[in-house]
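# Remarks on the overall topology
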Amino acid sequence: MGKKQENLMEKIVSFCKRRGFVFPSSEIYGGFAAIYDFGPYGVELENNIKDQWWKYMVQMREDIVGLDSAIFMHPKIWEASGHVAGFSDPLAECKKCHSRLRVDHLLESVGVVADEKMKEEEISRIFSENKKKIKCPVCGASDFTDVKKFNLLVKSNLGNFTEDWSKEPVYLRGETCQGIYVNYENVLNSARVRIPFGIAQIGKAFRNEITARQFIFRTREFEQMEMQYFTSPEDEMKAYEELKKYRWNFYINCLGLSEKNLKWHKHENLVFYAKEAYDIEYNFPFGFSELEGLHARGDYDLTQHSKYSGKDLSYVDPKTNKKCIPHVVESSAGVARSMLAVICEAYTEEKVGEDTRVVLKFKNNLAPIKVAVFPLLKNKPELVAKAREIFNDLKKEFVCEFDDNGNVGKRYRRQDEIGTPYCVTVDFESLEKGDVTVRDRDTMKQERVKIEELLDYLHDKLE
Ligand SMILES: [Zn+2]
């Protein structure tokens, strides 16, 4: 990471705290590693990203339905999925400086992608094949121990009141998609869907990452937006190609990321059942990194759950009477990663005369606050009353903020920083002529708008 980019990341981290987007967890207790909280503007941004995703993935699609499965599930599900045996952080020790390092990260540094669900033997083999090329990021030596794996599943004693509960733990889910697979049949039998169809879900997942890194990019508690699409075996790859295109467009059209900051990354080392796996990567200040994974998973998931549950999950096509275990193509995205990408994309420093203004150029649909309303002066009751009246009208339609603190120039800067697209100011002319000033965040241009037309005006601009 270059010096300039490093500075940018530091700036964004401190900006996020200062303006109430992201707070380190449990800060007054000295912090809690690899967990973050979202502040007042962060939660608005987060909700807007999730709303966009839901609209795009569920509302706009006749063939996709939603689900909200619980975080806790039968522990056998994680055996069936392969997580109990295979879902681990692979570590190796540098023989010279004794740093313990994540093997998948070391492999990444020489451009090799390893899957977290790989068995110890698989990842060991890939590591020994590439070992010579890899240097220890701490001391630069190139001499490592063998790979050792640490399971990522987070354990709990839910419903287990014995002392040695850890022998039979219940897990916090390591991914949301297992809740989709185990509800596949319930959805099929209750919703008006036929193969091919998808199930979408947004929810928290938990992983005992050994090294969490890059701010909210990799954390131990995180939120996923996942969609599993069930197809016939013949249609799997066609559905996969369609989903890849569809998801790529989401980042451009719904989140406003520019295409030059996105790229495809093809996985070379696949878990044995996967047909194909690609990531969509974003150009973060710390380099291109994964925003979303798209996987063609074959019939592995439903086959495993049929085997472990004893319930036949095969599908009989009502037209052809052909029986099959449906194949799955998956889209798996992270809420916080999307949020970080959106903030990085929007963060702009601009020279305005002698000053520099920080402005978050969010797409309007994502802006935490859509409209700010100001009385020109806070000590003039008639201006304040009029501004309040307008604010009370607008807040029924948009997330708004009322601000009468400091001069108008300062209020504009505050709203620029949190990415508010429009500021409405009530001045003395407003009282006479019944109009207000509307100021545009990006152009900083102001225009007069009639108060009775303000709502339509803003709807027009914001949608
Ligand atoms: Zn070393």
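Right above here is the structure, for reference.
Residues numbered from 1 in each chain as written. Predicted model: local features only at pLDDT ≥ 70, side-chain atom pairs only at ≥ 80, totals over all residues.

### Comments concerning the nonpolar core
Applied cut-off: Each nonpolar core comprises buried Ala, Val, Leu, Ile, Met, Phe, Trp, Tyr and Cys residues, the members being joined through C-beta atoms within 7 Å. A residue is called partly exposed when the number of other C-beta atoms within 10 Å of its own lies between 12 and 20, exposed at 12 or fewer, and buried at 20 or more, with C-beta atoms placed from the backbone. Runs of H or I in DSSP of at least four residues are treated as helices and runs of E of at least two as strands, each being numbered from the N terminus. How far each domain reaches was decided by an automatic or database domain assignment. Remark: residues whose backbone-derived C-beta atoms lie within 7 Å of one another are considered to be in contact.
Met 339, Leu 340, Val 373 and Ile 390 are the most contacted members of the largest nonpolar core, which has 86 residues in total. Ranked by the residues each element gives to this core, the list is headed by helix 11 (residues 335-346), at seven residues. For this core, the two domains that each supply at least three residues are domain 1 (3-86 + 152-343) and domain 3 (369-462). Not counting the four nearest positions on each side in its chain, Val 373 is found in contact with Ala 387, Ile 390, Phe 391, Leu 394, Cys 400, Phe 402 and Val 424.

### Remarks on the pairing of strand 16 (residues 327-334)
What counts is decided by this rule: Each pair of strands is called paired provided DSSP finds at least two bridges between the two strands.
Counting buried residues in strand 16 gives eight out of eight residues, a clear majority hidden from the surface. Inspection of the sheet shows strand 10 (residues 221-231) paired to strand 16 by eight bridges, in the antiparallel sense. Bridged to Glu 226 within strand 16 is Ser 332. Where strand 13 (residues 287-296) and strand 16 come together, five bridges link them in antiparallel fashion. By the bridge assignment for strand 16, Glu 292 is matched with Ala 333.

### Digging into helix 12 (residues 381-394)
The α-helix advances 3.6 residues per turn, and as a result positions three or four apart in sequence lie on the same side. Put simply, the test is: Expected helix span is computed as 1.5 Å times (number of residues minus one). Picture the helix axis, draw a direction to every C-beta atom, and the arc is the one those directions span.
Taking 1.5 Å of rise per residue, 14 residues should cover 20 Å, and helix 12 covers 20 Å from first to last C-alpha, within 8% of that figure. Every buried residue belonging to helix 12 is among Leu 383, Lys 386, Ala 387, Ile 390, Phe 391 and Leu 394, and all of these are buried. Seen from one end, helix 12 has its buried residues packed into an arc of 135 degrees, which puts them on one side. Exposed side chains of helix 12 directed beyond 90 degrees from the buried face belong to Pro 381 and Asn 392.

### Section: the sheet that holds strand 16
Our working definition: All axes here are fitted lines through C-alpha atoms, helices being fitted over the stretch that makes contact, and every angle between N-to-C directions spans 0 to 180 degrees.
In space, the seven strands of this open sheet follow the order 3-9-10-16-13-12-11, with mixed pairing throughout. Edge positions in the sheet fall to strand 3 (64-66) and strand 11 (262-266), since each of these pairs with one other strand and no more. Geometrically, the sheet is characterised by an average inter-axis angle of 25 degrees between neighbouring strands, direction not taken into account. Across nine bridges, the pairing between strand 12 (residues 276-284) and strand 13 is antiparallel.

### A look at unusual backbone geometry
Of the consecutive residues Ile 195 and Pro 196, the connecting peptide bond is found in the cis state with omega at 0 degrees. In this fold, Pro 196 is placed in the loop between helix 8 (184-190) and strand 9 (197-206). Of note in the backbone geometry, Ala 34 takes a positive phi value of approximately 65 degrees without being a glycine. Within the secondary structure, Ala 34 sits in the loop between strand 1 (22-24) and strand 2 (36-38). Residue Ala 34 is classed as partly exposed on the basis of its C-beta count, with 19 C-beta atoms lying within 10 Å. In the Ramachandran plot, His 98 falls in the positive-phi region, its phi being about 60 degrees despite a non-glycine side chain. Counting through the fold element by element, His 98 comes out in the loop between strand 4 (88-93) and strand 5 (100-102). For His 98, a count of 11 C-beta atoms within 10 Å translates into the label exposed.

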